[in-house]
Every structure is written in C-alpha cells, then in structure tokens.
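So the chains spell out like this:
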Amino acid sequence: MDPTFFNNLRLTCPALNTTNTTNLDVRTPNTFDNKYYVDLVNRQGLFTSDQDMFVDNRTKPIVTGFANNQSLFFEKFVFSMVKMGMLNVLTGTNGQIRANCSAKNPGTVGDGAWSVVDLDVGSGDGAAAY
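Cut-offs used in this document
- Counting of residues starts from 1 at the beginning of each chain's written sequence and follows it residue by residue.
- In keeping with the predicted nature of the model, local features appear solely for residues at pLDDT of at least 70, side-chain atom pairs appear and are counted solely at 80 or more, and the whole-chain, interface and lining totals rest on all residues.
- No hydrogens and no water enter the side-chain calculation; it runs on all heavy atoms of the structure.
- The helix and strand labels rest on DSSP assignments: H or I over at least four residues marks a helix, E over at least two residues marks a strand, and numbering proceeds from the N terminus.
- Relative accessibility thresholds used throughout: buried, under 20% of the residue-type maximum; exposed, over 50%; partly exposed, between the two (1.4 Å probe, protein chains only).
- Charge convention: Lys and Arg are scored as positive, Asp and Glu as negative, and His as well as the terminal groups of each chain are ignored.
- When a carboxyl oxygen of Asp or Glu is within 4 Å of a side-chain nitrogen of Lys or Arg, the pair counts as a salt bridge.
- Within 3.5 Å is the distance limit for a polar contact, defined as a pair of N or O atoms, with the added protein rule that one can donate a hydrogen and the other accept it, and that residues adjacent in sequence qualify only through two side-chain atoms.
- In what follows, residue pairs with any heavy atoms lying within 4.5 Å of each other are defined as contacts.
- The residues that make up patches have over 30% relative accessible area and no salt bridge, and they are joined within 9 Å when like-charged or within 5 Å when they are Val, Leu, Ile, Met, Phe, Trp or Tyr.
- All accessible-area figures derive from a Shrake-Rupley calculation using a 1.4 Å probe, and residue coverage is judged against the displayed protein chains alone.
- Confidence scores per residue from the predictor, reported as pLDDT, run from 0 to 100.
- We define the nonpolar core as a collection of buried residues of types Ala, Val, Leu, Ile, Met, Phe, Trp, Tyr and Cys that are connected through side-chain atoms lying within 4.5 Å of one another.
- Structural elements are reduced to axes, namely lines fitted to C-alpha atoms, with helices fitted over the stretch in contact, and the angle between N-to-C directions of any two is expressed from 0 to 180 degrees.
- Each angle gets one of four labels, with under 35 degrees taken as roughly parallel, over 145 as roughly antiparallel, 65 to 115 as roughly perpendicular, and the rest as oblique.
- Note that Gly is not counted as nonpolar here; it falls among the polar residues with everything else outside the nonpolar set of Ala, Val, Leu, Ile, Met, Phe, Trp, Tyr, Cys and Pro and the charged set of Asp, Glu, Lys and Arg.

1. Examining the side chain of Asp25
Logical step 1: Mapped onto the secondary structure, Asp25 falls in the loop between helix 1 (3-12) and helix 2 (35-41).
Logical step 2: One buried charged residue, Asp25, remains without a salt bridge, the closest side chain of opposite sign being Arg27 at 6.0 Å.
Logical step 3: Side-chain polar atoms of Asp25 contact the backbone nitrogen of Arg27, separated by 3.0 Å.
Logical step 4: Of note is the side chain of Asp25, whose polar atom sits 3.0 Å from the side chain of Thr28.

In structure tokens form, the structure reads like this:
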C-alpha cells in the first residue's frame, strides 16, 4: 500500500471502534469512471481483495487495461451488466451457495451459470481469460 495513502487512512480511522468513513475512489469519488483502477495501479486500493487484482499476474493486465483505457472499462462494464441481467436468480431450495465464489460447487452440472473467470476482457466474447 502506498505509504501516504496508508497514513491518510490511519488518520481517518485511528481506532477500531470509529464510525468514520472514506471514499473507495480517492481520485474521483463522485464520478463513474475508471479511476478506481488507477488507484489500484498506484497501490491506493482500499480493499485488499481489489488491490490483489493488480498484484496477481493473472488479473494485473485487466486492471492495467482498465486504468489506461476508460473506453475499454466502459465497454466491458456494459458487457458485464448485460450478462448479469441474463442471470436466472435461484431462490430457496432451487439455488446453492458457492463454497468458492468464482467456481461452481463440485458435482454441479451445466446449469448455464457463469462466473467472473468466464469473462474475456480482451475480446468481449466471454470465451477465455484476458
């Protein structure tokens, strides 16, 4: 984590029981854009899980691509929202809770469900990894 960013967070939340809040996007907190990915590239991600996307060699090209190309981010965001809109939400006994969010539970047969690892950020067809 960027030391200046860390020190600012420490000032915002100096104690465990604080009710203070902070913005997820330090650059443009009130604008929908790609700057959260710029934050990750600059080691200013608030969540470890998000910052890890830039550290992991499998997902670093995606973060870098979105940080460097806002049009690509918008294009893939639209693609993802459309794809999520096609999900058939299962409720009650018709669904299941995944043990691993990015993979179907063992023994699950083709129910048409997909996960984030199915998304192809490079071509937009969802066939392979970026």
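2. Some thoughts on the environment of Val63
Logical step 1: Tracing the sequence through the fold places Val63 in helix 4 (residues 60-68).
Logical step 2: In this structure Val63 comes out as buried when scored by relative accessible area, which is 1%.
Logical step 3: Taking the C-alpha atoms as reference, Val63 lies 5.8 Å from Tyr37; in sequence the two are 26 residues apart.
Logical step 4: Once residues lying within four places of it in the same chain are set aside, the contact partners of Val63 are Tyr37, Leu40, Val41, Met53 and Phe54.

3. Considering a nonpolar patch on the surface
Logical step 1: Where nonpolar side chains cluster on the molecular surface, the patch consists of Phe32, Phe74, Phe77, Val78, Met81, Val82, Met84, Met86 and Leu87 and spans about 850 Å² of accessible area.
Logical step 2: For Phe77, the location among the structural elements is in helix 5 (residues 70-85).
Logical step 3: Take Phe77: its relative accessible area is 33%, and that puts it in the partly exposed class.

4. Points about the confidence of the model for the chain
Logical step 1: Confidence in the prediction of the chain, expressed as mean pLDDT, is 83, and 83% of residues score 70 or more.
Logical step 2: pLDDT under 50 marks residues 121-130. Its contacts with residues more than four places away, or in other chains, come to 27 contacts.

5. Remarks on the pattern of salt bridges
Logical step 1: In this structure the tally under the stated criterion is three salt bridges.
Logical step 2: For Asp39, the salt bridge identified is with Arg27, shortest N-O distance 2.3 Å. Residue Asp39 is found in helix 2, and its partner Arg27 is found in the loop between helix 1 and helix 2; the two are separated by 12 residues along the sequence.
Logical step 3: Under the relative-accessibility criterion, Asp39 is labelled buried at 0%.
Logical step 4: Across the pair Asp56 and Arg58 runs a salt bridge whose closest N-O atoms are separated by 2.6 Å.
Logical step 5: Since its relative accessible area comes to 68%, Arg58 is described here as exposed.

6. Remarks on the nonpolar core
Logical step 1: Grouped together as the largest cluster of nonpolar side chains are 10 residues: Tyr36, Tyr37, Val38, Leu40, Phe54, Val63, Phe66, Ala67, Leu72 and Phe73.
Logical step 2: Secondary structure elements with two or more residues in this core: helix 2, helix 4 and helix 5.
Logical step 3: The dominant element in this core, judged by the number of residues it contributes, is helix 2, at four residues.
Logical step 4: Apart from the residues lying within four places of it in its own chain, the contact partners of Tyr37 are Met53, Val63, Phe66, Ala67 and Phe73.

7. Here's the deal with the packing of helix 4 against helix 5
Each pair of packed helices gets described by two things: the angle between the helix axes and the distance between those axes.
Logical step 1: Where helix 4 contacts helix 5, the two axes come as close as 5 Å, and the packing angle between them is 115°. By the criterion of interaxial angle, the relationship of helix 4 to helix 5 is roughly perpendicular. Across the interface between the two elements, Gly65, Phe66 and Asn68 from helix 4 touch Gln70, Leu72, Phe73 and Lys76 from helix 5.
Logical step 2: Its residues placed into classes, the contact of helix 4 with helix 5 shows three nonpolar, three polar and one charged.

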